[in-house]
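# Topology and contacts: notes
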Amino acid sequence: MTDDQRRILVAGGGPVGLLCAWLLGRHGLPVRVFDNNSAVQMDLRAATTHPATLDLLDDELVGDMARVGLVAPIFQFWDRPSQQLVAQFDHAVLKNDTRHPFVVQCEQFKTAKLILDRLQLYPNVEVLFDHEVIDVAQSADAVRVQVRGPSGAASQQAVSQHVSQHSGAYLIGADGGRSTVRRRSGIQFEGFTWPERFIVLTTPFDFESERGYCYRSYFADPGAWCNCFKVSADGPPGLWRTVYPTDPAQSEQDILSDAGVQARMQSFFPSPQPYEIIHRNLYVTHQRVAETFRKGRVLLAGDAAHVNNPIGGMGLNGGIQDAVNLSDKLVRILLDGASERLLDFYDLQRRTVAIEFVQEQSIANKKRLEARDPAVRARNLDELRASAADPERARQFLLRTSMIASQRRAEAMELATG
């Protein structure tokens, strides 16, 4: 079998696409990655990497992620109206369930860069930035993509574009929620869009020393909520990101205005001084899962396959878990002669996890934090208190939130089918 017949094409040079390339490339398989950006993008949204995900990764990579990020063994739930700590959970209770009883707060662009550095060691892996996949076609024995990329300097002011053709054995669509691979392959993206947009406000204000918050804190508020978590950014002292829902009727201009931003921060974290805000971003959030993660030789992973709200930090983790699962199956098919039916099993495993765990858990997280009914709110907070106070209940709660339960569900499906 020639390299062209074994080559895996990857659309998307984010952490999921690059991880696929690394996991495949280190087995000697030829891989070609296309990304329409000029370099790894500094996406400031995803940072949390859960124990179940860390367990799947190379120890050296996890060590590097911890080095450029932050290790967070605990997280907290707070009640915004009373400003009271409701519950604190320590991942140490999972010491017999995982090799990593903690979360690593490592911004996804840092993870992507760490993987990209490793790819430099493999001449069989090509990463082509400024190359956008614009169309997909497949036959019984190959998949082909049309790629728009630079053809050289047309002048000192502009670079001309041309369309090239590339073929391979399989195509991994890891090109995000607006995936061209998914759309051009005719795969429906089923689900809904939340009516409220979410806003991220980043500040150097030290919530740990000033307010006693840990690196991951969730604030419940009737009809609203806030996630507050720390990232290392460029190094000490680091930055804090706060995430909120917004009123669908409020204009983008008002939401992002200095007055609107300060009012939102003050409503959750009253302070005599205005907050320094170094980054603000407003975005639409979806809860969607592709109707299939496999269509012939086209395979979806990460946001191209599933998207969800950010509460609980499950989106990027699901994508990394997709990449590990899918890469393992492609290696077994291309190098060990395993049946392509493994790819149908990839679809079954990862769609099951996306629907039964990630979608349900992330929606439940949102409802828990924003409940309006006083009786429901009281019940939710009492449940959190009781769970945190009982080691076994805390363990069961953390098995779900750390995604260990969903990973075990996928592994159990593997064992059941042999």
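Residues numbered from 1 in each chain as written. Predicted model: local features only at pLDDT ≥ 70, side-chain atom pairs only at ≥ 80, totals over all residues. Heavy atoms only, no water.

### A short note on the overall build of the chain
Helix and strand content of the chain: 14 helices and 22 strands. Over its C-alpha trace the chain gives a radius of gyration of 22 Å, about what one expects of a compact globule, namely 22 Å for 418 residues. Projecting the C-alpha coordinates of the chain onto the three principal axes gives extents of approximately 65 × 60 × 40 Å. Going through the 418 residues of the chain one by one, you find that 54% of them count as buried. Contacts in the chain between residues far apart in sequence, at least 24 positions, make up 72% of those at least 6 positions apart. Across the chain, the mean location of the 46 positive side-chain charges is 2 Å away from that of the 50 negative side-chain charges. (Helix = DSSP H or I, 4+ residues; strand = E, 2+ residues; numbered from the N terminus. Rg over C-alpha atoms; globule rule 2.2 N^0.38 Å. Buried < 20%, exposed > 50% of the residue type's maximum accessible area, 1.4 Å probe, protein only. Contact = heavy atoms within 4.5 Å. Lys, Arg positive; Asp, Glu negative; His and termini not counted. Charge placed at Lys NZ, Arg CZ, Asp CG, Glu CD.)

### Quick notes on empty space enclosed by the protein
Applying the stated rule across the entire model yields two cavities of 30 Å³ or more. In this structure, the largest cavity spans a volume of roughly 100 Å³. Lining the largest cavity, in full, are Phe75, Phe77, Arg216, Tyr218, Ile311, Gly312, Met314, Asn365, Arg368, Leu369, Phe397 and Thr401. Per element, the largest residue contribution to the lining of the largest cavity is three residues, and it comes from helix 11 (residues 341–370). Of the voids in this model, the second largest cavity is the one considered here, and its volume is about 40 Å³. In terms of lining, the second largest cavity is formed by Met314, Phe357, Val358, Gln361, Arg400, Met403 and Ser406. Counting residues per element, the lining of the second largest cavity draws most heavily on helix 11, at three residues. (1 Å grid on protein atoms, 1.4 Å probe; cavity = no way out; pocket = protein on both sides within 12 Å on 5 of 7 lines; lining within 4 Å. Points joined across faces, edges and corners; volume = space filled by probe spheres on them.)

### A word on the packing of helix 4 (residues 59–68) against helix 5 (residues 108–119)
Remark: helix 4 packs on helix 5, axes separated minimally by 10 Å, with the N-to-C direction vectors making an angle of 135°. Here helix 4 is positioned oblique relative to helix 5, judged by the angle of their axes. Judged by the sense of rotation from one axis to the other, the crossing of helix 4 with helix 5 is right-handed. From helix 4, Glu60, Leu61, Asp64, Met65, Arg67 and Val68 reach across to helix 5, where they touch Lys110, Thr111, Leu114, Ile115 and Arg118. In terms of residue class, the contact of helix 4 with helix 5 is made up of five nonpolar, one polar and five charged. (Axes fitted to C-alpha atoms, helices over the stretch in contact; angles between N-to-C directions. Parallel < 35°, antiparallel > 145°, perpendicular 65-115°, else oblique. Left-handed = near helix turned anticlockwise from the far one by under 90°. Nonpolar A, V, L, I, M, F, W, Y, C, P; charged D, E, K, R; others polar.)

### Side note on the sheet that holds strand 22 (residues 306–307)
What links the strands of a sheet is backbone hydrogen bonding, and the strands pair in either a parallel or an antiparallel sense. Strand order in this open sheet of three strands is 13-19-22, and the pairing throughout is antiparallel. Both edges of this open sheet fall to strand 13 (189–193) and strand 22, since each of them pairs with a single strand only. Where strand 13 meets strand 19 (residues 286–290), five bridges bridge the pair, whose relative direction is antiparallel. Across the sheet, residue Gly191 finds its bridge partner in strand 19, namely Arg288. Here helix 11 sits on the sheet in contact with strand 13, strand 19 and strand 22, set at roughly 170° to strand 19. (Pairing = 2+ DSSP bridges.)

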